[in-house]
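Overview (structure and organization)
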Number of protein chains: 2
Amino acid sequence: MSSLRGLVGKGEDSGQDGNFGVDYVIHYRVPSKERAQAEAAFVQLIEALANIGLTTSVRCCDETSLLVFTRLASDDVLGQQVYSSRLQDWLQGVRITGPGSDVSQAIRDEPVTEAERLRLIYLLITKSRNEGGAGITQGQGQWKYVESIFPLHNNAFNKEWLHKWSQKYVLEQSDLDDIRDRFGEDVAFYFAFLKDYFRFQIFPAAIGFSAWLILGQFSVFYAICNCLWSVIFFEYWKRKEADLAISWGVRGVSKIQHQRPEFQWDFEAADLATGEPVKVYPFTKRLQTQLLQIPFALACVVILGGLVATVNSLEIFINEVYGGPGKQYLGFLPSVLLAVLTPTFSTVLMTAAKRLTDKENYDTMDAHHAALVQKQFVLNFMTSYMALTFTAFVYIPFGNILQPFLNFWGKTAQTITMSEVPLDTHQFQSNPQRIANQMYYTTVTAQIINTLTELVVPYIKHKATVKAKELSTKDTITSNDPPEEVEFLKRVRNQTGLDVYDVTADYREMVMQYGYLSLFSVSWPLTACFFLLNNWVELRSDALKIIIGCRRPIPWRADSIGPWLTALGFLSWLGSITSAAIVYLCSGDNSVSPITAGGVLLSILLAEHLYFAAQLAVRFVMGKVESPSLQRERRERFQLRKKLLEETVGHVAGEKAEVAVPGIEATEQITRQTLEEEARLASIQGHGSPEEMFWQRQRGIQETILVGRKLIEEQSSGKS
Amino acid sequence: MSSLRGLVGKGEDSGQDGNFGVDYVIHYRVPSKERAQAEAAFVQLIEALANIGLTTSVRCCDETSLLVFTRLASDDVLGQQVYSSRLQDWLQGVRITGPGSDVSQAIRDEPVTEAERLRLIYLLITKSRNEGGAGITQGQGQWKYVESIFPLHNNAFNKEWLHKWSQKYVLEQSDLDDIRDRFGEDVAFYFAFLKDYFRFQIFPAAIGFSAWLILGQFSVFYAICNCLWSVIFFEYWKRKEADLAISWGVRGVSKIQHQRPEFQWDFEAADLATGEPVKVYPFTKRLQTQLLQIPFALACVVILGGLVATVNSLEIFINEVYGGPGKQYLGFLPSVLLAVLTPTFSTVLMTAAKRLTDKENYDTMDAHHAALVQKQFVLNFMTSYMALTFTAFVYIPFGNILQPFLNFWGKTAQTITMSEVPLDTHQFQSNPQRIANQMYYTTVTAQIINTLTELVVPYIKHKATVKAKELSTKDTITSNDPPEEVEFLKRVRNQTGLDVYDVTADYREMVMQYGYLSLFSVSWPLTACFFLLNNWVELRSDALKIIIGCRRPIPWRADSIGPWLTALGFLSWLGSITSAAIVYLCSGDNSVSPITAGGVLLSILLAEHLYFAAQLAVRFVMGKVESPSLQRERRERFQLRKKLLEETVGHVAGEKAEVAVPGIEATEQITRQTLEEEARLASIQGHGSPEEMFWQRQRGIQETILVGRKLIEEQSSGKS
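For every chain, the first residue of the written sequence is number 1, and numbering continues from 1 along that sequence. Chains carry letters and ligands carry numbers; both start at the beginning, A for chains and 1 for ligands, and go up in the order they are written. The predicted origin of the model limits local features to residues at a pLDDT of at least 70 and limits the giving and counting of side-chain atom pairs to 80 or more, whereas totals for whole chains, interfaces and linings rest on all residues. Excluding hydrogens and water, the side-chain figures rest on all heavy atoms present in the structure.

Side note on the overall build of chain A
Strands here mean DSSP runs of E at least two residues long; helices mean DSSP runs of H or I at least four residues long; both are numbered from the N terminus. The helix and strand inventory of chain A stands at 25 helices and six strands. A simple rule labels every residue: compare its accessible area, found with a 1.4 Å probe on the protein chains alone, to the largest value its type can have, and call it buried under 20%, exposed over 50%, or partly exposed in between. Burial statistics for chain A: of 720 residues in total, 50% are counted as buried. Should any heavy atoms of two residues lie within 4.5 Å, those residues are counted as being in contact. Summarising the internal contacts of chain A: among those between residues at least 6 apart in sequence, 77% fall at separations of at least 24. Values of accessible area rely on a 1.4 Å probe in the Shrake-Rupley scheme; residue burial ignores everything except the protein chains shown. Counting only carbon and sulfur atoms, one obtains 60% of the accessible surface of chain A, whose full area is about 33,400 Å².

Here's the deal with the interface of chain B and chain A
Taken residue by residue, the interface counts 111 residues in chain B and 110 residues in chain A. Summing the contributions of chain B and of chain A, the shared interface buries around 9,800 Å²; its carbon and sulfur component is 67%. One speaks of a salt bridge when a side-chain nitrogen belonging to Lys or Arg is within 4 Å of a carboxyl oxygen belonging to Asp or Glu. Along the contact surface separating chain B from chain A lie two salt bridges. With a shortest N-O distance of 2.9 Å, Glu39(B) and Arg709(A) are connected by a salt bridge. A 3.5 Å cut-off defines polar contacts: any pair of N or O atoms within that distance qualifies, except that in protein one atom must be a possible hydrogen donor and the other a possible acceptor, and neighbouring residues in sequence count only when both atoms are side-chain atoms. Scanning the region where chain B abuts chain A turns up 10 residue pairs in polar contact (both at pLDDT 80 or more). The element best represented in the side of chain B that touches chain A is helix α25 (residues 700–719) of chain B, accounting for 14 residues. Polarity classes work like this: nonpolar for Ala, Val, Leu, Ile, Met, Phe, Trp, Tyr, Cys and Pro, charged for Asp, Glu, Lys and Arg, and polar for all others, with Gly in that last group. By residue class, the composition of the side of chain B that touches chain A is 52 nonpolar, 31 polar and 28 charged. Buried area is a sum: the accessible area each of two parts loses on coming together, probed at 1.4 Å, counted once for each and added.

Some words on the domain arrangement of chain A
In this document the domain limits rely on a domain assignment from an automatic tool or a database. Split by domain assignment, chain A resolves into domain 1 (24–152) and domain 2 (678–719). For domain 1 of chain A and domain 2 of chain A, the distance between their C-alpha centres works out to 82 Å.

Observations regarding the relation of the copies chain B and chain A
When the copies are overlaid, the least-squares fit takes in C-alpha atoms only where the residue has pLDDT of at least 70 in both copies. Placing chain B over chain A gives an RMSD of 0.1 Å and needs a rotation angle of 180 degrees, together with 0.1 Å of translation along the axis. The transformation just described matches what one would write down for a two-fold rotation axis. For chain B, the residue whose C-alpha comes nearest the rotation axis is Gly598(B), separated from it by 1.9 Å. Interface overlap between copies: 99% of the residues of chain B at the interface are likewise at the interface in chain A, consistent with a symmetric, same-surface contact.

Focus: the sheet that holds strand β1 (residues 24–29) of chain B
Residues and elements named next belong to chain B. Pairing between strands requires that DSSP locate at least two bridges from one strand to the other. The strand order across the open sheet formed by four strands is β2-β3-β1-β4, and the pairing between neighbours is antiparallel. The sheet terminates laterally at β2 (54–62) and β4 (146–151), the two strands that pair on one side only. Adjacent strand axes in the sheet meet at a mean angle of 20 degrees, parallel and antiparallel pairs treated alike. Looking at chain direction, β1 and strand β3 (residues 65–72) are connected through six bridges and run antiparallel. What sits directly across from Ile-26, in β3, is Val-68. Throughout, an axis means a line fitted to C-alpha atoms (over the contacting stretch in the case of helices), and angles, computed between N-to-C directions, take values from 0 to 180 degrees. Lying on the sheet, helix α4 (residues 114–126) is in contact with β1, β2, β3 and β4; it crosses β1 at an angle near 35 degrees.

Some thoughts on the side chain of Asp559(B)
Residue and element names in this part refer to chain B. Along the polypeptide, Asp-559 turns up in the loop between α19 (527–549) and α20 (564–587). One buried charged side chain, Asp-559, makes no salt bridge at all; its nearest oppositely charged neighbour is Lys-255, positioned 6.9 Å away. From its side chain, Asp-559 meets the backbone nitrogen of Gly-252 in a polar contact 3.0 Å long. Polar contacts involving the side chain of Asp-559 include one to the side chain of Ser-254, which spans 3.0 Å. Contact partners of Asp-559, with chain neighbours within four places excluded, come to Phe-189, Glu-241, Ala-245, Val-250, Arg-251, Gly-252, Val-253 and Ser-254. When charges are tallied, Lys and Arg are placed among the positive residues and Asp and Glu among the negative ones, while His and the ends of the chain are skipped.

Concerning the packing of aromatic side chains
Stacked, edge-to-face and tilted labels apply to pairs of Phe, Tyr and Trp rings (six-membered ring for Trp) whose centres lie within 6.5 Å, assigned for plane angles under 30 degrees, over 60, and everything in between, in that order. Applying the stated criterion to the full structure yields 95 aromatic pairs over all chains. Summarising the aromatic geometry, the rings of Phe263(A) and Trp265(A) are spaced 6.3 Å apart at their centres and angled 35 degrees between planes, so their arrangement reads as tilted. Residue Phe263(A) is classed as buried on the basis of its relative accessible area, which comes to 3%. Between Phe193(B) and Trp237(B), the aromatic rings sit 5.3 Å apart at their centres with planes inclined by 75 degrees, giving edge-to-face as the arrangement. Here the residue Phe193(B) occupies a position in helix α6 (residues 173–200), and Trp237(B) occupies one in helix α8 (residues 220–247), the gap between them amounting to 44 residues. Note on accessibility: Phe193(B) and Trp237(B) belong to one class, buried. In this scheme, Lys NZ or Arg CZ marks a charge over a ring once it lies within 6 Å of the ring centre and within 35 degrees of the ring normal. Cation over ring: Arg59(A) sits above Phe694(B), and NZ or CZ is 4.6 Å from the ring centre. A cation over an aromatic ring shows up here: Lys279(A) above the ring of Trp265(A), its NZ or CZ 4.5 Å from the ring centre.

What to know about the environment of Ala115(A)
Residue and element names in this part refer to chain A. Note on placement: Ala-115 falls in helix α4 (residues 114–126). Separated by 70 residues in sequence, Ala-115 and Leu-45 place their C-alpha atoms 24 Å apart. Residues in contact with Ala-115, not counting those within four places in the same chain, are Arg-180, Asp-181, Arg-182, Phe-183, Gly-184 and Pro-555.

Some details on unusual backbone geometry
Residue and element names in this part refer to chain A. Positive phi, close to 55 degrees, is recorded for Phe-20, a residue that is not glycine. Within the fold, Phe-20 resides in the segment before β1 (24–29). Residue classification places Phe-20 among the buried positions, given a relative accessible area of 1%. We note that Asn-361 has phi near 55 degrees; this positive angle belongs to a residue other than glycine. Asn-361 sits in the buried class, given a relative accessible area of 5%.

Focus on the packing of helix α13 (residues 365–395) of chain B against α20(B)
All names here are of chain B. Contact geometry for α13 and α20: axes closest at 13 Å, N-to-C directions at 10 degrees. Taken together, the axis directions place α13 and α20 in an arrangement best described as roughly parallel. For the pair formed by α13 and α20, the contact residues are Val-373, Phe-377, Phe-381, Tyr-385, Ala-392 and Phe-393 on the first element and Trp-564, Ala-567, Phe-570, Leu-571, Leu-574, Thr-578, Ala-581, Ile-582, Leu-585 and Cys-586 on the second. Tallied by class, residues from the contact of α13 with α20 come to 15 nonpolar, one polar and no charged. For classification, angles of less than 35 degrees are called roughly parallel, those exceeding 145 degrees roughly antiparallel, those between 65 and 115 degrees roughly perpendicular, and all remaining angles oblique.

Structure, rendered in structure tokens:
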């Protein structure tokens, strides 16, 4: 079976650039105060790894931790893991055709990718013992000294990746396939989404640019185009996602649920269908906790909404009303307040969200993740969109209702300065340009800052830590490294200090960006142009982030972008409403009257139903087109069916040949007379059951035909 | 294989009550002018039937037609048909487990129902020759003298059915299963729907009755309850439908498409997936025809809406304004106009709908049927709901805008009577009671009339035709009947004259009734009470209609109520809007002002979003509950998986035992000294590749553990 080499997801990488065939590195902490325990647990760790067929090798990391390198002892172990995983996939309906009974043939037919190899080894390490794994979980219980378990970056691939992407403008499917083969479908789906989102943004960018030139802000035409675009993009992506899942062979993997280790169950019960024992946490009990989401959402709205309203009215007061002393310094006050308070409140609320999700006690990883993402979305929604909402729905159309706030700030200012003479104030006049400025800030300034903080700051921070560590680490540790391993060990030590890559954060960024486009871009049609530029960079900077800023992620599988799809749908729908309302409220005169209320309601109603109608139409049209992967899947199913049918029907057809159909065999020559005679005789004699008699009146088709002809003749003679 | 008897869908029915084992009757016309052709075709018919394994027997029907009785020649033919049909079902994914390779065992495991037997024989008769059938199509081409092909009513079952249903108040699942076994899933689904719809109506009936007593017309409370009820019922039925389809083993049969014989294709092309030749009619060409649906719908709205507006305003004029001569006679004029013109216009439009659907040239039966139902729905929607819409949205809230119409009628009346003195007229004042009267008419009077026309009129008509026929038929024909067949042949001759049972008409009636409840019942909360009564009768009268008023239907399969589900969903959604608007418009004062417009828009917006929210919530909650059939299906799948896994993994496990995991085997006794020595030696000698060297530094787990321990010791000593 040594011929399997090269098919099982590993090239011959070693030496300078390679990783000496290491699959996973386990970063093992040895706190100086718990040396004895750590040592005992270390022995257990090595034994547990050896038991599941992993070779181990240990090196020093720093003063208080070790590096345990592991790789699969033999390709046969991998072959079995791959085979049984593919078999499970087939039984779960993820794969259409099951692997044959020959393990090595199955692997030869479909070589193992690096991602598959690493995923299966990770599962082998972490699966519980009764599922055949080693049951090693980071930092928990027996394994509390296991700091992290991670694969090593494939430097050769990473270099190649960066090189390729920096040289081409448009990504291809093969680029995504490469990512999938190395980092798994979970990461590949993010890049696939970003690639398509980027491509699609060309339309709103072009329309937005034209609208900006010709129509200006708040144009109905742009609003409608933008709404239609979001419908088309959303429906397109839903189909594309399913298509990718099929072509990557992962459709339905999200249905294969992984139990959450932290799940607390109340009791065990037999599954009603399968009879297997299932851990149960009562639905009603969870629902009670879930109801806490309502006060949580309210708290988000009140705290973050209140913050935005306060700071914005203060800012308006300072910039547009106030004319007193220190205006040039006071202008920074609102920004400082926001910059300090928003992260503070967000962190508090995010902690609450995490606690709440933990309390909700989901049984599967996916449910837990989705619930957490949902709460994060509420939070991000408030922090991202509240300021713009305030400007679009309060400041511009109903500026005068801000007067009490402004008066309040005026009085406060008067009190603080303790001046006797009234402060110099201007008459307040709302300015529609404000929303464009805010959008500019969001799309340009904030995105640039974001890219920098996402990429440059962690990089510098990491470099600094490494440097500091190097300085503080005694030479004795690194000096023990064998000379041919110096480079390699340095690289591994660096990687232990990196962040864990979190694809959720990247999704969040893009979904929030989609929200700006969908909800508010009607107030500044250039939005999409800047997003287009940003996303070109984003695609590359996210790649860079994975390569230089993060440890290599575990290559998990996924069959969609998960809960973010719902978020996209929600933002598209809400966009139809807000765009209509913004256009109606901000483009006309700014009076609060029943007519305005009726008008805005009517425009919302129309826009929303236009959205639903467009959705139905787009779905109908897209439903007519079969995607390539669906086609391929249908072909596979068809061939499978054909094969099965041929196998089984061949057998039945063989049997059929024996069956003689009565009535076709030649009957003796009969005339009408003999026939009638016979029929009469049979009826008189009355032999057999009534049913038999009925059918024996005309035996064989010749008799039926003759009798029929006679009847036809009688009828026509009766007529004439 | 004669032991199969009794398992293959037929009891021993013969004699007085039974049908002499006849499966199908072919009513064969012999026009006196085309005697020779008809005779030649008759011979072909008998031969074609014999070729597919059917025994035939011919009798006289009347002067110009014959009765050809057929039954399967042997149970083996049936066995093969059943087996290959079940195999196909399995391959198409309709059945979870495929039949074994033994035909008779498969049939013994799952006996053939009467419906399955009759369906397969019908398919055998009508399937094209190259699919293994006789290719006999009613009234077309070669078979233009074939008037009809129908199975005979099973009198014993029908009597039992009527007897049972007349004695119990609530139907059970077994009653539906009986219908399914005799009449197929298509008919059974209708009764299942009606049964559940009837049961669910108890809630709106109870709430409606209370609301009528306490709150009167136009109550918000009733509107909300009704809207929630319709959401719950709709979601319930969607799940119930899927559940029934599984328990009847027909889930997904709607995906097995039957080609429409009338389909005209432009060219043949190879299917992209399977490579089989497919008949193609270009999508764009069909879309062009489909776009004609828009003018069609507009025509329906203009013609029927105009009729309703005209007749209603005339009626209002006569009843509420006019005080001149002949008022008591003129009162009938609007009703007469409606009674004459509505069916006339409907017939014309229905003909147009049929033509349009034919022109749309669908390739499958289902698509054709759905397209026709869609157009019928538009038509029925207009005829059923326009009058009430007129009253609810024009007459009650904006009565004064009717004034021009009333003036017009006034002038017309003046002109017609040619009187010099002005006619006696009252001041017009709209009356909210009008809509309650209309609802009363719709729910009580119209339903009673409908039941009568549906049941009694066809029965009387049929009896009259039979009597007339009997009188005109010469005795020579019936006198030739053998005495033991007289009763039987009389029954069959009767059945040839009956209507074809059309389940679509029954669905339409119920869906339209659902629409009254959902759209308008807020104006007369007693609606559901009367519908409840009506539907108790309806369940029984529909059964009676099938038994005495129609030929026995071909027992087709179905996996849902088809396009009516969409119609139900549409009516539920529209109901949320109309109810809100009716409550807002009709309960307040009747002035047209911008405030009213804003209010009605706001109430619609709120109601619609309440509807959507309720839908999401109900889906979420119902999604938590697994239906019994889904559970059973999951169990079957689980067992199948388990079996397959055991078969395959047993094999793999056998192989696994041979694989030795290196590192676990006992290594020779080593001390730290020998180990270090060895490692140093290996590194100096530099044998093998760098990768080999890396892993050979620590051979086996004992070495790794030792080195690890040493490193830990060093670290702690470095610390101290």
